[in-house]
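Overview (structure and organization)
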Amino acid sequence: MKLLVILLFSGLTTGCRGNSSHSLPPKLLLVSFDGFRADYLQNYEFPHLQNFIKEGVLVEHVKNVFITKTFPNHYSIVTGLYEESHGIVANSMYDVITKKHFSDFDDKDPFWWNEAVPIWVTNQLQENRSSAAAMWPGTDVPIHNTTPSYFMNYSSSVSFEERLNNITMWLMNSNPPVTFATLYWEEPDASGHKYGPEDKENMYRVLKEVDNLIGELVHKLKVLGLWENLNVIITSDHGMTQCSKDRLINLDLCIDRSSYTLIDLTPVAAVLPKINTTEVYNRLKVCNPHMNVYLKEDIPARFHYQHNDRIQPIILVADEGWTIVLNKSLPKLGDHGYDNSLSSMHPFLAAHGPAFHKGYKHSTINSVDIYPMMCHILGLQPHPNNGTFGHTKCLLVDQWCINLPEAIGIVIGALLVLTTLTCLIIIMQNRLSVPRPFSRLQLQEDDDDPLIE
Ligand SMILES: [Zn+2]
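Identification of the protein as Bis(5'-adenosyl)-triphosphatase ENPP4 from Ursus americanus is taken from an unreviewed UniProt entry. We quote the UniProt Catalytic activity (unreviewed entry) comment for the protein here in full: "P(1),P(3)-bis(5'-adenosyl) triphosphate + H2O = AMP + ADP + 2 H(+)". One UniProt comment on the protein, placed under Subcellular location (unreviewed entry), says "Cell membrane".

Notes on the sheet that holds strand β6 (residues 150-151)
Overall, mixed pairing links the eight strands, which are arranged β6-β5-β7-β1-β8-β17-β2-β18 in an open sheet. The sheet terminates laterally at β6 and β18 (360-366), the two strands that pair on one side only. Those strands touched by helix α3 (residues 47-54) are β2 (57-63), β8 (230-235) and β17 (349-352), and its axis lies near 60° from that of β17.

Considering the nonpolar core
One finds Trp113, Ile119, Ile233, Tyr305, Ile315 and Phe356 to be the most contacted residues of the largest nonpolar core, which totals 54 residues. If you count residues domain by domain, this core takes at least three from each of domain 1 (24-81 + 116-242 + 339-395) and domain 2 (248-334). Setting aside anything within four residues of it in sequence, one finds Ile119 in contact with Val78, Phe180, Tyr371, Met374, Cys375, Leu378 and Leu380. Among the nonpolar cores identified, the runner-up in size contains 43 residues, and Leu171, Leu183, Leu213 and Leu226 belong to it.

As for helix α12 (residues 370-378)
In an α-helix, one turn spans 3.6 residues; hence positions three or four apart end up facing the same way. In terms of burial, α12 is a largely internal element, eight of the nine residues being buried. Residues of α12 that are buried include every one of Ile370, Tyr371, Pro372, Met373, Met374, Cys375, Ile377 and Leu378, and no others. Two residues or fewer after α12 comes Gly379, characterised by a positive phi angle close to 70°.

Structural notes on unusual backbone geometry
Looking along the chain, the bond that leaves Asn175 and enters Pro176 is cis, with omega of 0°. Looking along the chain, the bond that leaves Thr266 and enters Pro267 is cis, with omega of 0°. In this structure, His304 is a non-glycine residue whose phi angle is positive, near 50°. Residue position: His304 is located in the loop between β13 (291-295) and β14 (314-318).

Remarks on the packing of helix α4 (residues 70-79) against α12
With their axes 6 Å apart at the nearest point, α4 and α12 run at an angle of 40° to one another. Here α12 runs oblique to α4, going by the angle between their axes. Two secondary-structure elements touch here, α4 through Ile77, Val78 and Thr79 and α12 through Ile370, Tyr371 and Met374. Grouping the amino acids of the contact of α4 with α12 by side-chain chemistry returns five nonpolar, one polar and no charged.

Criteria and thresholds
Residues numbered from 1 in each chain as written. Predicted model: local features only at pLDDT ≥ 70, side-chain atom pairs only at ≥ 80, totals over all residues. Heavy atoms only, no water. UniProt positions renumbered as here; feature names shortened; annotations may be inferred. Pairing = 2+ DSSP bridges. Helix = DSSP H or I, 4+ residues; strand = E, 2+ residues; numbered from the N terminus. Contact = heavy atoms within 4.5 Å. Axes fitted to C-alpha atoms, helices over the stretch in contact; angles between N-to-C directions. Core = buried A, V, L, I, M, F, W, Y, C linked by side-chain atoms within 4.5 Å. Buried < 20%, exposed > 50% of the residue type's maximum accessible area, 1.4 Å probe, protein only. Domains from an automatic or database assignment. Parallel < 35°, antiparallel > 145°, perpendicular 65-115°, else oblique. Nonpolar A, V, L, I, M, F, W, Y, C, P; charged D, E, K, R; others polar.

Right under this line is the structure:
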């Protein structure tokens, strides 16, 4: 009897524990190391990041959105939208109707951000959940009148350690619990601009520092007991390419400055004509063979960069590694913003946690696919978006997925089985039908007769 009571009691407590751990909402930390070009992973050593990947998943290339700049791409990751749809179409913008200006130093007006709903707002509107941000473009702005419950005003002088301390504190001690959090760091973008990605010596040093920060992040999560239950995504907004003083496009050689206003300069220039648009277009069109010039209505559809008032009437897109200037010398040795089909513009994505497989590698997804995946992990209803959840299914433990090599293997396997079965059936049929003529022959009376007489 005593034994029965003990068994019953232990069964009940186990059941309760099981239920309570099951009802804990999933948590996700989204980390961005700005300007982390995808192939840095192949060309440099990242012991800490490789350990993280070994126990999680890696997407080798993330196809990001055009233009491949910081603010637009960070907003695409958290909304799943192309730039024309979320409205952050550049780091420098001008709205002709309201006459408002936007720049990375003047980005606090919600007007610019309100065309979309970022995931931290959606998460926050869920019952008993809050969001936190140790910086990420837009997290210090009241978008749809909502900031994350915990956030830091952007300042590049705040150390990584302080950002990490804040975000882990909020993940541990908040009520309602923080279930979605972001962490942003300016490197290796700043050094990529300064030295250029082909400066192996300096980039080696900078990327080693970035890897050490990843080591610190993982160590801190483990020490605080957050590691096992927290989903962590490490990704970036764009890559970086080498520029050169021998690859300059000087607009002043082609057109007088008084005939247009330049809203954004390089490598995608946004031009607002002051005189007849066709005249400005015709002069720019023949300016330099290393620059594509588009009237807004002719911007290629693959850029998904047309249907927004903040996109100017003419845009100029420099070829990879070329810099558009106004009669100046080369401003940076490395840059990004170019065509998003260039692999040098792509970042990577790595992820670890209970939602993700362990030791799985995937070739490519789109940056807009990250949003529906994050909504799935957090159990949020996504807003309409340009991403495809199916593209990320192979990364997730709770999804059934089949990739192309596996599909080919299954088809070939099935064909082999079918062929073998068909052969077996034919052989069996032949065997069954063979004895009849022999038996008839053996029984024939004239069998002993010579065949030829
Ligand atoms: Zn940059």
